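Examination of the molecular architecture
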Amino acid sequence: MTEPAVQPCAACGDDANAACRACSYALCRACLDEDAAEGRTTCARCGGEYTAPDPAHGKGNAVEEDEEDHHVAEASGDRVTIGSHLSDRQDEGSHARTISSMSGVGHARTISSVSGSELNDESGRPIWKNRVESWKEKKNEKKASAKKAAAKAQAPPVEEQIMDEKDLTDAYEPLSRIIPISKNKLTPYRAVIIMRLIVLGLFFHYRITNPVYSAFGLWMTSVICEIWFGFSWILDQFPKWCPINRETYVDRLIARYGDGEDSGLAAVDFFVSTVDPLKEPPLITANTVLSILAVDYPVEKISCYVSDDGSAMLTFESLAETAEFARKWVPFCKKYSIEPRAPEFYFSQKIDYLKDKIHPSFVKERRAMKRDYEEYKVRINALVAKAQKTPEEGWIMQDGTPWPGNNTRDHPGMIQVFLGETGARDFDGNELPRLVYVSREKRPGYQHHKKAGAMNALVRVSAVLTNAPYILNLDCDHYVNNSKAVREAMCFMMDPSVGRDICYVQFPQRFDGIDRSDRYANRNVVFFDVNMKGLDGLQGPVYVGTGCCFYRQALYGYGPPSLPALPKSSVCSWCCCCCPKKKVEKSEKEMHRDSRREDLESAIFNLREIDNYDEYERSMLISQMSFEKSFGLSSVFIESTLMENGGVPESANPSTLIKEAIHVISCGYEEKTEWGKEIGWIYGSVTEDILTGFKMHCRGWRSIYCMPVRPAFKGSAPINLSDRLHQVLRWALGSVEIFLSRHCPLWYGYGGGRLKWLQRLSYINTIVYPFTSLPLVAYCCLPAICLLTGKFIIPTLSNAATIWFLGLFISIILTSVLELRWSGIGIEDWWRNEQFWVIGGVSAHLFAVFQGILKMIAGLDTNFTVTAKATDDVEFGELYVFKWTTVLIPPTSILVLNLVGVVAGFSDALNSGYESWGPLFGKVFFAMWVIMHLYPFLKGLMGRQNRTPTIVVLWSVLLASVFSLLWVKIDPFIGSSETANTSTCSNFDC
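These numbers were taken from a predicted model, which means no experiment stands behind them.

Cut-offs used in this document
- Residues numbered from 1 in each chain as written.
- Predicted model: local features only at pLDDT ≥ 70, side-chain atom pairs only at ≥ 80, totals over all residues.
- Heavy atoms only, no water.
- Axes fitted to C-alpha atoms, helices over the stretch in contact; angles between N-to-C directions.
- Helix = DSSP H or I, 4+ residues; strand = E, 2+ residues; numbered from the N terminus.
- Parallel < 35°, antiparallel > 145°, perpendicular 65-115°, else oblique.
- Contact = heavy atoms within 4.5 Å.
- Pairing = 2+ DSSP bridges.
- Salt bridge = Lys/Arg side-chain N within 4 Å of Asp/Glu carboxyl O.
- Core = buried A, V, L, I, M, F, W, Y, C linked by side-chain atoms within 4.5 Å.
- Buried < 20%, exposed > 50% of the residue type's maximum accessible area, 1.4 Å probe, protein only.
- Expected span 1.5 Å × (residues − 1).

Overview of the packing of helix H29 (residues 827–841) against helix H33 (residues 935–942)
Packing of H29 against H33 brings their axes to within 8 Å, and their N-to-C directions diverge by 70°. Relative to H33, the element H29 is oriented roughly perpendicular. Residue-level inspection shows Arg832, Gln835 and Ile839 of H29 in contact with H33, the latter providing Tyr935, Pro936 and Phe937.

Points about the sheet that holds strand S14 (residues 434–439)
On the basis of which strands lie adjacent, the open sheet formed by eight strands has the order S13-S14-S12-S11-S15-S19-S17-S20 and mixed pairing. Both edges of this open sheet fall to strand S13 (414–419) and strand S20 (702–705), since each of them pairs with a single strand only. Within the sheet, the average angular offset between the axes of one strand and its neighbour, ignoring direction, is 20°. Note that strand S11 (residues 268–274) and strand S15 (residues 470–475) share six bridges and pair parallel. Residue pairing for S15: Phe270 is matched across the bridge by Leu472.

Some points on the pattern of salt bridges
Taken as a whole and assessed by the stated rule, the structure comprises 29 salt bridges. Linking Asp296 and Lys484 is a salt bridge whose minimum nitrogen-to-oxygen distance equals 2.6 Å. With Asp296 in the loop between helix H9 (282–293) and strand S12 (302–308) and Lys484 in the loop between strand S16 (479–480) and helix H14 (485–493), this pair connects stretches of sequence that are 188 residues apart. With a shortest N-O distance of 3.3 Å, Glu344 and Lys377 are connected by a salt bridge. With a gap of 33 residues between them, Glu344 in helix H11 (residues 343–347) and Lys377 in helix H12 (residues 362–386) connect regions that are remote in the sequence.

Observations concerning the nonpolar core
Counting 141 residues, the largest nonpolar core has Trp329, Leu435, Met490 and Val505 as its most contacted members. The element best represented in this core is helix H10 (residues 313–336), accounting for 12 residues. If you look at the next biggest cluster of nonpolar residues, it comprises 37 residues, including Tyr520, Leu725, Ala909 and Val930.

Considering helix H13 (residues 450–465)
In a regular helix each residue adds 1.5 Å, so 16 residues correspond to 22 Å; H13 covers 23 Å between its end C-alpha atoms and thus fits that length. Summarising burial for H13: 14 of the 16 residues are buried, a large majority. Looking one or two residues past H13, Asn467 carries a phi angle of roughly 55°, positive in sign.

See the structure below:
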């Protein structure tokens, strides 16, 4: 009788030593050892156990006990972070993400979530590794089948081999990399900074040791101002010591986590905030929402929450129209890879829209879509026109019931899910991302904390409904300009080698609709392309309020995973009495440090601590941590905070979740909790963004600055002078409030040593820069005073003094030139930034300082009007709108004072003779420095461009004044004899 054939190995074709009990997938000893070395102990095909095949009976014995023990040890090593009250399903493995339907239909859709920084399958193994193994399996099966048929296997083409190898390599490669600045650019830059610091010290030594006694008051004022400017320069310059660039690899992200419905990419909740639809036009907000819904990301992983903090029915109705139009717009964008995916800005592009478009029906569908969008705009404009006048009885909804938000200061919480899993699908029958309208409850007597309070309400609502592990917030006027922006952020967040300690990824702000010369430095190019790159080389960029992707756990006050876990406390409270230990004496320095840490850790819980406890100890620990006192009285929300990888419990009922979501946005929910203190967006300043990012960095988190080639987001900015100054005033007031609060970087956050020193310098700079307005105003008035009084703040220069002055002047120029060289920005952007630094410093920053001090002393609060987002029909028409405000008084006064001083200086020089012309040039140069920095402000006062150009008016006034003085001095109509008589009669007694 012939012996039964031995089953071949499915990977290499050799004789198999073991086979899967479920699917008979066989492997040889060498392949088994290789799998074991790589941590794979189960069947690559179905996840079953291997057994040793018996050729005689076709049945198998169990694999050796040592392999089973190894498998159990490997399985028990997997860590799962979980609360004691979570479901058994979550205890068995990584959290399954179940997004429940809000429409009342009974079914739910289970979506896998990321475990750690990678997505795991049911057996707890990363899906991207399964995909790589599947590639190996298919390749080896081809060889095995060829060997069975006794045919010579033909190698695949070289191109195919290269592609497969590339896919395999990409799956294991990092998703981003740091591109350091070239040493040829950075080394001279640092050398000049050190040289400038030395020259600055020598310059101050000369200024202090050489007083001007004839103008002692002016000299003392100038020295104090110059010392403050030097201190301000140090705060601004040294955080830019280590600038870096970054590069992302979206193709590697796709290779690792896949794409489409089975993608392992993490879910993202988008937050959009709006207040007054009459000042923030609904059409702009709608374009932002449409660009989010059409983003290039798996549909089931995107949710968009719109916060209406003004409870306006106009916002609600426009969002309903937007949801209907999205059914057409989203499939059109994805079918033809439209960029940008905000229709208003896509159709207004002055480019060749046929470039790279090869589909024959594109032109026809584009025309139809543009017509649909125009009709949609008409409907939105009709709603806006209707909302201009509020009816006496209040607004009535379409079903005849009164609008709940008729009283904007006293109304219940409102939530409406427009699109979602079981809601309306697009016209191609595909699922659309979830779109949720949220208006939090407001009642008299409660503090609502403006935008920060609205964002915290969205954090809680989204945690109850979808609980995505990542949050991306946008202002209502910032649309998604790059459809792959979310993937760019995930290249950092989901990279295990990078994203472990990242609290947020900040994108730069880019703007549309700004005048070509950027008169008022709206683009902030120096800040976003120079300062933020420098911070990225330290602990990360500051949070600027929009275009930022957060790790949800960082917003909950948790510390980063790299922080050491706190020691496990004993369950037995009397152990210290039974087993007394020797008390460790702490030094005064350690006791001071521990007291500082208490401020930082009042609500910081490290989730890893919970993993080391059994069920009883875990429940005790949670009770000791006082989760309810920190997060509020919502068990559903507290449960969501313990899910590191996000997700909603599978057993959750949709109607129950909606009720719970309404509960967590009630106006009294945050009372006696840590919301706004240690959790979520931090309260206490109108610039809640700076404060929120600062608290995260103090806890030890890092942030990332991501600058894609195509800008991720674009927004609109106020381009007329008055609105721009009021916007700067708001930012400066927020910095003053932080300076006067307990969160001031000068004294807060030293416990634990988690905030790097250069990072601290940058935060100190963000809160002290408004105070530079005081010496700046004084310094800008000095040249006019010197010209009017004939005195000067600098004595006669010696040779050494001339060297220090020239050295300082040259070092300032070299620092700026080398900064432009490594950052890549233009000299015009740099000059506009310098000009507006002076304009804002002598106007908005000055008012912010006094308002902040009055608020602290007298409790006088400042109400800010929302900056208008729309422009006139005429291109850049808003640029020339002049709105008089008290903020314009100081710069106008300084400008007029210096112009008068220049005229007076020339008049004095003409009367005093040639000896006075030398000192005059120094004073006039000083005055012209002030006038040239205030020149954009002067253009703003002059109005539209169709009038006489401002520069012509300015020079006409100056030259006319000078020539008038010359005419008076050299009057050709006075004879020589009269001149002689006049010269001899020089006193009143003549």
